[in-house]
Amino acid sequence: MTRRLAVLALSVALAGCGAGDVEVPPETRAATPHTAQTPMSDATTLKENLPTEVGGVRLIAFNIRADGAGLHLGADQRTIRLDETISVDGTDYTVAELVPSDPARGDHANGWVSLTSQ
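The model shown is predicted, which means the values in this text are computed figures rather than measured ones.

So, how was this worked out
- Residues numbered from 1 in each chain as written.
- Predicted model: local features only at pLDDT ≥ 70, side-chain atom pairs only at ≥ 80, totals over all residues.
- Heavy atoms only, no water.
- Core = buried A, V, L, I, M, F, W, Y, C linked by side-chain atoms within 4.5 Å.
- Buried < 20%, exposed > 50% of the residue type's maximum accessible area, 1.4 Å probe, protein only.
- Helix = DSSP H or I, 4+ residues; strand = E, 2+ residues; numbered from the N terminus.
- Contact = heavy atoms within 4.5 Å.
- Pairing = 2+ DSSP bridges.
- Axes fitted to C-alpha atoms, helices over the stretch in contact; angles between N-to-C directions.

Engineer: Honestly, the nonpolar core in this entry has me stumped. Any pointers?
Structural biologist: Nonpolar side chains in soluble globular proteins tend to end up buried together. Ranked by internal contacts, the top residues of the largest apolar core, which has 17 residues, are Leu46, Leu59, Ile80, Val88, Val113 and Leu115. Sorting the residues of this core by element identifies strand S3 (57-65), strand S4 (68-73), strand S6 (85-88), strand S7 (91-99) and strand S8 (112-117) as the ones contributing at least two each. Once you skip the residues sitting within four places of it in the chain, Leu115 turns out to touch Ala43, Thr44, Leu46, Leu59, Ile86, Tyr93, Thr94 and Val95.

Below, the structure written as structure tokens:
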């Protein structure tokens, strides 16, 4: 019994020894998870691959990446980029967010594009 307690005490001591002194390389540090990120509350949000009607025009954002996305704008198709201005039924919108899908938010396409009206 005494030997078992000594082994347990040694294990606990070794487990805590230096745990706070380990330097984790910057590229392996955990970033803020995307699961906490939500679309801008004051923007028009286009969820990836889901049609959204804006000003009577059907918009579909697809292939969303951090540097651009595809956009079906009615019958037209184009690429959009962050901070770009697009016109939808006479109203100008700025591409305010491009958020790619992330497996941390689920298995299906879950990215979005946020548009702010000017």
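And the narrative resumes.
Engineer: For this particular structure, what's the right way to read the sheet that holds strand S2 (residues 52-54)?
Structural biologist: Sheets are built from strands paired through backbone hydrogen bonds, the pairs being either parallel or antiparallel. The strand order across the open sheet built from four strands is S2-S3-S4-S5, with neighbouring strands paired in antiparallel fashion. Of all strands in the sheet, those bounded by a partner on one side alone are S2 and strand S5 (76-80). Looking at each pair of strands side by side, their axes are set apart by 35° on average, direction ignored. Direction of pairing for S2 relative to S3: antiparallel, over a ladder of three bridges.

Engineer: So what exactly am I meant to see when it comes to the sheet that holds S8 here?
Structural biologist: Pairing is antiparallel in the open sheet, where four strands are placed in the order S1-S8-S7-S6. Edge positions in the sheet fall to strand S1 (44-47) and S6, since each of these pairs with one other strand and no more. In this sheet, neighbouring strand axes are inclined to one another by 35° on average, regardless of whether the strands run parallel or antiparallel. With four bridges connecting them, S1 and S8 associate as antiparallel partners. Within the sheet, the bridge partner assigned to Lys47 lies in S8 and is Trp112.

Keep in mind these values describe shape, not function.
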